[in-house]
Amino acid sequence: MKTETKPKPKVPKIPAAPESRAPALAVEAWPVDRPKPYAKNPRRNDAAVEKVAASIREFGWAQPIVVDGDGVIIIGHTRLKAAKKLGLKTVPVLVRADLTPEQVAALRLADNKTAELAEWDEPLLAAELDALVGAVDMEQFGFGETGSDEKQKPEPVERITS
């Protein structure tokens, strides 16, 4: 007696994930005068330099300066100004030589614009700032200040107890 084999059900093929666009990333230490500011940078960042310098002084470098294959800054103009203000001799740099000129231009704009789109959850922010009172002076990073540099305290968070 012949045993019939049932055909295997067809399983749809799942397309392979697209290859990651992320290149191998390596941060390099460059002399502070080597990264070249982008001459047509549309961001006015001078008001932020002192706050960024305070952050670098307090915590060290958290993000490198990003440059294109020619050493022109894509991301990090303010960080470079802050490094110079602090008298640093070297800065961490990430070279993105893999990007086209159009991608460089788009990334330069997108990085700044996307940062503007985020909002603060005011009650959570107040709680986080309250937890740091006495430990870290957050005013050095711009918290507690208005555009006119007048002192501003976060509204107290009302606690509900039962």
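Just above, that's the structure.
Reading the values: the criteria
Residues numbered from 1 in each chain as written. Predicted model: local features only at pLDDT ≥ 70, side-chain atom pairs only at ≥ 80, totals over all residues. Heavy atoms only, no water. Helix = DSSP H or I, 4+ residues; strand = E, 2+ residues; numbered from the N terminus. Buried < 20%, exposed > 50% of the residue type's maximum accessible area, 1.4 Å probe, protein only. Contact = heavy atoms within 4.5 Å. Areas by Shrake-Rupley, 256 points an atom, 1.4 Å probe, with all protein chains shown as cover. Pairing = 2+ DSSP bridges. Axes fitted to C-alpha atoms, helices over the stretch in contact; angles between N-to-C directions. Salt bridge = Lys/Arg side-chain N within 4 Å of Asp/Glu carboxyl O. Polar contact = N/O pair within 3.5 Å; in protein donor to acceptor, adjacent residues only side chain to side chain. Phe/Tyr/Trp six-rings, centres within 6.5 Å; stacked < 30°, edge-to-face > 60°. Lys NZ or Arg CZ within 6 Å of the ring centre and 35° of its normal.

1. Points about the overall build of the protein
Thinking step 1. Looking only at helices and strands, one finds 4 helices and 4 strands in the protein.
Thinking step 2. Burial status across the protein gives 25% buried among its 162 residues.
Thinking step 3. Contacts spanning at least 24 positions in sequence make up 78% of the contacts within the protein whose residues lie at least 6 apart.
Thinking step 4. Entry remark: accessible area of the protein is about 12800 Å², with carbon and sulfur atoms responsible for 56%.

2. Points about the sheet that holds strand β1 (residues 27-31)
Thinking step 1. Read from one edge of the open sheet, 4 strands run β1-β4-β2-β3, paired in mixed fashion. Each of the sheet's edge strands pairs with one partner strand only, and the pair in question is β1 and β3 (73-75). Averaged over all pairs of adjacent strands, the angle between strand axes in this sheet comes to 50 degrees, irrespective of strand direction.
Thinking step 2. Strand direction decides the pairing type here: β1 and strand β4 (residues 90-95), joined by 5 bridges, are antiparallel. Bridge pairing in β4 places Ala29 opposite Pro92.
Thinking step 3. Across the sheet, helix α2 (residues 77-85) touches β2 (65-67), β3 and β4, and the angle it forms with β3 is around 110 degrees.

3. A closer look at the pattern of salt bridges
Thinking step 1. The tally for this structure, following the rule as stated, stands at 7 salt bridges.
Thinking step 2. When the shortest N-O distance is used, the salt bridge between Asp33 and Lys84 registers 3.9 Å. With Asp33 in the loop between β1 and α1 (49-59) and Lys84 in helix α2, this residue pair connects regions lying 51 residues apart in the sequence.
Thinking step 3. By relative accessible area, which is 64% here, Asp33 ends up exposed.
Thinking step 4. Here Lys85 makes a salt bridge to Glu50, at a shortest N to O gap of 3.4 Å. In this pair, Lys85 sits in helix α2 while Glu50 sits in helix α1, placing the two residues 35 residues apart along the sequence.
Thinking step 5. Under the relative-accessibility criterion, Glu50 is labelled partly exposed at 37%.
Thinking step 6. Linked through salt bridges whose partners overlap, the residues forming this network are Arg43, Lys113 and Glu116.

4. Notes on the side chain of Asn45
Thinking step 1. Along the chain, the position of Asn45 falls in the loop between β1 and α1.
Thinking step 2. Here Asn45 falls in the buried class, since its relative accessible area comes to 7%.
Thinking step 3. Among the polar contacts listed, one links the side chain of Asn45 to the side chain of Thr78, at a separation of 3.0 Å.
Thinking step 4. Within the structure, the side chain of Asn45 is placed 2.7 Å from the side chain of Lys81, a separation counted as a polar contact.

5. So, the packing of aromatic side chains
Describing an aromatic ring pair means giving the distance of the ring centres and the angle of the ring planes.
Thinking step 1. Evaluation of the coordinates by the stated rule reveals 2 aromatic pairs.
Thinking step 2. Against the face of Trp30 rests Arg34, its NZ or CZ located 3.7 Å from the ring centre.
Thinking step 3. Between the NZ or CZ atom of Arg108 and the centre of the ring of Tyr38, over which it lies, the distance is 3.7 Å.

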